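Now for the letters of each chain:
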Amino acid sequence: MSTYVPPTWPVSIKGVAFDGAGRVLLLHNEREEWELPGGRLEPTDPSPEHTEPFSSWRR
């Protein structure tokens, strides 16, 4: 098994979440735009599988 080497460029991840009525979850970002929930890989993440969601989304 090889050792994970993080990429040298930013990697962001987005997801699509539906509620029981079939609506898509969108979040309001700091630029006052609507977007899908997501996050990014940090250089200190041990691997993409261990990445935790970005937790500072506005409600």
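> Would you mind showing me how to read the confidence of the model for the protein chain here?
Detailed reading of the predicted coordinates is not advisable wherever pLDDT is low. The predicted model of the protein chain averages 77 in pLDDT, with 73% of residues at 70 or higher. Looking at the elements of the protein chain, mean pLDDT is at its lowest for strand 4 (residues 38-40), recorded as 81, and at its highest for strand 3 (residues 34-35), recorded as 94. Considering only residues more than four positions removed or in separate chains, one finds that residues 54-59, a stretch of pLDDT under 50, has 10 contacts.

> What should I look at first to understand the pattern of salt bridges in this one?
A pair can form between side chains of opposite charge whenever their charged atoms are brought close. The tally for this structure, following the rule as stated, stands at four salt bridges. The shortest N-O distance in the salt bridge between Asp19 and Arg23 comes to 2.6 Å. Looking at Asp19, the relative accessible area reads 33%, which means it is partly exposed. A relative accessible area of 55% places Arg23 in the exposed class. Of the charged contacts in the structure, one is a salt bridge between Glu33 and Arg31, with a shortest N-O distance of 3.0 Å.

What counts, and at which threshold
Residues numbered from 1 in each chain as written. Predicted model: local features only at pLDDT ≥ 70, side-chain atom pairs only at ≥ 80, totals over all residues. Heavy atoms only, no water. pLDDT = per-residue confidence, 0-100. Helix = DSSP H or I, 4+ residues; strand = E, 2+ residues; numbered from the N terminus. Contact = heavy atoms within 4.5 Å. Salt bridge = Lys/Arg side-chain N within 4 Å of Asp/Glu carboxyl O. Buried < 20%, exposed > 50% of the residue type's maximum accessible area, 1.4 Å probe, protein only.

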